[in-house]
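Observations on the model geometry
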Amino acid sequence: MSLVLLGSTGSIGVNTLIIAKKFGIAVEVLVCGKNIDLLNEQIKEHNPNRVVVADHEDVKRVNHSFVQWGSEAILEAIEASQSELVVNALVGFLGLRPTLKAIECGKWVALANKESLVAGGAFIDTTKIQPIDSEHFGLWYLLQERLVSKMIITASGGAFRNWPLEKLKDATLADTQKHPNWSMGQKITIDSATMVNKMFELLEARWLFGEGEYDAIIETQSLIHALIDFKDGSTTAHFANASMQLPIAYALEKEMDEKILNHVDLLKVGSLEFKEIELLRYPVWEIKEELLKNPNRGVLINAANEVAIEKFIAKEIGFMDISRIIIEAYNRFQIEPHSIDDIFQIDKEVRAYAQQLSFK
């Protein structure tokens, strides 16, 4: 067995390579962004047939005989590969076309790229998807042949879960990166602070598991990743120490009969703390229910969010303005896509609209 790995130098990619080595899975293609030093280390260890980087100027820095660059090269590499599995750990809307291409080529997709389902869920064959996010993995793990009342995923609450509300408007980029539980990439850590990340994950769950009731709560230690309320009145929770290696292992090796993580020691944990996701702290939550009823509109919030984050990083807007831009764009565009082409057109229009929004 072999795989194509998109986003090899991020945390998902690094953990995927650890699991691939553990199970003797070959790596046919490595795709990475800007971290060429780490990429070269990965090339030396895993010996891929082909490598793709984001920018042309980095090609000469890569220690490999077959190096391509750019988004089209990613699609070409997927199509040319012999691997049956594509691990998509790209960040952002950039990940949608590779997901579509992999499925078109009859490949199985281990998906960590949230934006694929958020923006294009209506046009993706989810029977070809194995989710790598710990929350969706937890739901999948818990599902039984019993009637479900509600599916619940958990949130850490992000960097500002305990901040005084009046301070949020002055939060800086550096503040957003102080995640209380772990270290992640810049964008996803901002998304965690705004709760957009959890909105995306609810949309993903809707596409993966179908119509039904979905919700999220804050569990501050990130030891419970998902819960299911069954119609009989019982609730089952998925406990696991915070590591992406468990869901990745199941995506790469279907029959899991060996230990991947240490068990959660409840005596050492002592107690758990749960919190409601408050609207004043996470204003984007205002559109959660309507969005879950109209999941096709996920492309709107993804496009607006990506622009808003760029503007926040550039210090053009404040932290709380990220949610304002998303809500403004969501209310402005009362449209739904009817095709893949519509997805890319709506994405373009929403980005242009969000770009000109200013709250100074």
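Residues numbered from 1 in each chain as written. Predicted model: local features only at pLDDT ≥ 70, side-chain atom pairs only at ≥ 80, totals over all residues. Heavy atoms only, no water.

On to the overall build of the protein chain, then. When you go through the protein chain residue by residue, the secondary structure sums to 15 helices and twelve strands. Taking 21 Å as the expected radius of gyration for a compact globule of 360 residues, we find that the protein chain reaches 20 Å, a close match to that expectation. Each of the 360 residues in the protein chain was classed as buried or not, and the buried ones make up 56%. If you sum the accessible surface of the protein chain, you get close to 16300 Å²; carbon and sulfur atoms cover 49% of it. Put simply, the protein chain has 37 plus and 50 minus side-chain charges, and the middle of one group is 4 Å from the middle of the other. (Helix = DSSP H or I, 4+ residues; strand = E, 2+ residues; numbered from the N terminus. Rg over C-alpha atoms; globule rule 2.2 N^0.38 Å. Buried < 20%, exposed > 50% of the residue type's maximum accessible area, 1.4 Å probe, protein only. Areas by Shrake-Rupley, 256 points an atom, 1.4 Å probe, with all protein chains shown as cover. Lys, Arg positive; Asp, Glu negative; His and termini not counted. Charge placed at Lys NZ, Arg CZ, Asp CG, Glu CD.)

Moving on to the sheet that holds strand β10 (residues 224-230). An order of β11-β10-β8-β9-β12 is seen for the five strands of this open sheet, with the pairing classed as mixed. Of all strands in the sheet, those bounded by a partner on one side alone are β11 (235-239) and β12 (274-275). Contacts between helix α6 (residues 134-142) and the sheet are confined to β8 (148-155), β10 and β11, with β10 contributing the most and set at about 40° to the helix. (Pairing = 2+ DSSP bridges. Contact = heavy atoms within 4.5 Å. Axes fitted to C-alpha atoms, helices over the stretch in contact; angles between N-to-C directions.)

What follows covers unusual backbone geometry. In this structure, Ser222 is a non-glycine residue whose phi angle is positive, near 55°. Inspection of the secondary structure assignment puts Ser222 in the loop between β9 (214-219) and β10. Of the residues examined, Ser222 reaches a relative accessible area of 5% and is grouped as buried. Even without glycine at this site, Lys315 takes up a positive phi of about 65°. Position of Lys315 among the secondary structure elements: in the loop between α13 (298-313) and α14 (319-332).

Before going further, it helps to spend a moment on the pairing of strand β6 (residues 108-111). Examined bridge by bridge, strand β5 (residues 85-88) and β6 share four bridges and lie parallel to one another. Of the residues in β6, the one forming a bridge with Leu85 is Trp108. As for the winding sense of the linkage, the β-α-β connection from β5 through helix α4 (residues 96-104) to β6 is right-handed. Relative to strand β7 (residues 129-131), β6 runs parallel, the two being bridged by three bridges. Bridge pairing in β7 links Leu111 to Pro131. (Right-handed = clockwise from strand over helix to strand, strands pointing away.)

Here seven strands make up an open sheet; going across it, the order is β4-β3-β2-β1-β5-β6-β7 and the pairing parallel. Two strands in the sheet have a free side with no partner beyond their single neighbour: β4 (67-69) and β7. With strand direction ignored, the average angle separating the axes of adjacent strands in the sheet is 20°.

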